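Each chain is listed here by its residues.
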Amino acid sequence: MIRLGLCCIFREVPVRFKQTTAAALKKIGRPEQLRKVSGLCLSNLENLLEALQWLLQHEIRAFRVLSPLFPRYTHPETAYSLAELPQSDEIVEAARRIRAFSRENDIRLSLHPDQFNVLSSPHRQVVDNTCRELEYQGLLADLIGAEVINIHVGGVYGDKASALSRFAANFARLSERVRSRLTVENDDLSYSPEDLLLLCRTLQIPFVYDVHHHRCLPDSLSEQEATEECMESWRCRSGEPYFHVSSPRNGWQGGDPRPHADFIDPLDFPEIWYKLQVTVDVEAKAKELAVLKLYRDLQDMIV
């Protein structure tokens, strides 16, 4: 059976991840800041383990971890290191338990940093901020055992070829623990699968194929060809290829198809994926309810 993945949060399961704002942290002194974020980091790790235990019970074997698991870690006015936190030993131990649990139970973990992370930007400050955030993601991935840090290329900035060249040049700035996990995904506005293939081959970066984005931004590749390109690109890594699926909130004839629906229409799940040994992240507003429903639907459809 295809491995289905839940993205970041739950709709009904009472597992919640806690956050804070930079504004709130700046109102208190540095020692209190560190105590506060230390408690949040530990709480979030404990809740992540609880989330994985629920996933195991329901045969969901992939989870996209919320990027700000360590709140405001890279914010320029509130940044901190793990060593500064008063509960750093407990945090490392909680992460070790997550790493062990996911490995023992074959649950894949991934990270998908926010859209403001843009290695293709022509603006130095944006790239500097992106590199700092990706290094945090690499640290988090090391701690919890996440295999993948997936990003989009970003904007075109009037010249797609130059933007892709900047992405490649800035990729070299990243540490090995980030580069060895980085993947790129096609988007629904700027970069189709076809746009990314040369970049992926040149940098040995696996391609994450989002079929919904491809339907919103088509190119000369068929879904089967894009699927095959994705599978081929993952030969440089030992893990399963990653795919994303979603359905349009208003249907394919109802205006803008980009916003995601609550659930996945099983007809939007490509038949060519049925027999593949891959991970498919389910990008749907109903979260775990959508994953469970799609799992049942696929059991009925796949013979």
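No experiment lies behind these values; they were computed from the predicted model shown. (Residues numbered from 1 in each chain as written. Predicted model: local features only at pLDDT ≥ 70, side-chain atom pairs only at ≥ 80, totals over all residues. Heavy atoms only, no water.)

### Focus on the sheet that holds strand β3 (residues 108–111)
Read around the closed barrel, the eight strands follow the order β1-β2-β3-β4-β5-β6-β7-β8; overall the barrel is parallel. Between one strand axis and the next, the sheet turns by 30 degrees as a mean value, whatever way the strands run. Bridge count between strand β1 (residues 3–7) and strand β2 (residues 62–65): three bridges; the pairing is parallel. Looking at β2, one finds that G5 is bridged to A62. In this fold helix α2 (residues 30–57) packs onto β1, β2 and β3, with an angle of close to 155 degrees to the strand it touches most, β2. (Pairing = 2+ DSSP bridges. Helix = DSSP H or I, 4+ residues; strand = E, 2+ residues; numbered from the N terminus. Axes fitted to C-alpha atoms, helices over the stretch in contact; angles between N-to-C directions. Contact = heavy atoms within 4.5 Å.)

### Details of the state of the cysteines
Considering all chains together, one arrives at zero disulfides under this definition. C7 supplies the cysteine sulfur nearest to C216, a cysteine that is in no disulfide, at a spacing of 16 Å. (Disulfide = S-S within 2.5 Å.)

### Points about the nonpolar core
Counting 96 residues, the largest nonpolar core has L4, F70, I144, F167 and F269 as its most contacted members. Tallying contributions element by element places α2 first for this core, with eleven residues. Residues contacting L4, with those up to four places away along its chain left out, are I60, R61, A62, F269, V280, V282, V291, L294, Y295 and L298. (Core = buried A, V, L, I, M, F, W, Y, C linked by side-chain atoms within 4.5 Å. Buried < 20%, exposed > 50% of the residue type's maximum accessible area, 1.4 Å probe, protein only.)

### Regarding the environment of K285
By secondary structure assignment, the location of K285 is in the loop between β8 (279–282) and α10 (288–301). Setting aside residues no more than four positions away along its own chain, K285 makes contact with R11, H260, A261 and D262.

### Description of α2
An ideal rise of 1.5 Å per residue puts 40 Å on 28 residues; α2 measures up with 41 Å between its terminal C-alpha atoms. Remark: E59 follows α2 within two positions and exhibits a positive phi of approximately 60 degrees. (Expected span 1.5 Å × (residues − 1).)

### Some thoughts on the pattern of salt bridges
What the rule picks out here adds up to 23 salt bridges. Between R3 and E240 there is a salt bridge, with its nearest N and O atoms 2.9 Å apart. Here R3 is found in strand β1, whereas its partner E240 is found in the loop between α9 (223–233) and β7 (242–245), with 237 residues between them in sequence. Here R3 matches E240 in class, with each residue buried. Between E223 and R215 there is a salt bridge, and its shortest N-O distance comes to 2.8 Å. On the accessibility criterion, R215 (23% relative accessible area) is partly exposed. (Salt bridge = Lys/Arg side-chain N within 4 Å of Asp/Glu carboxyl O.)

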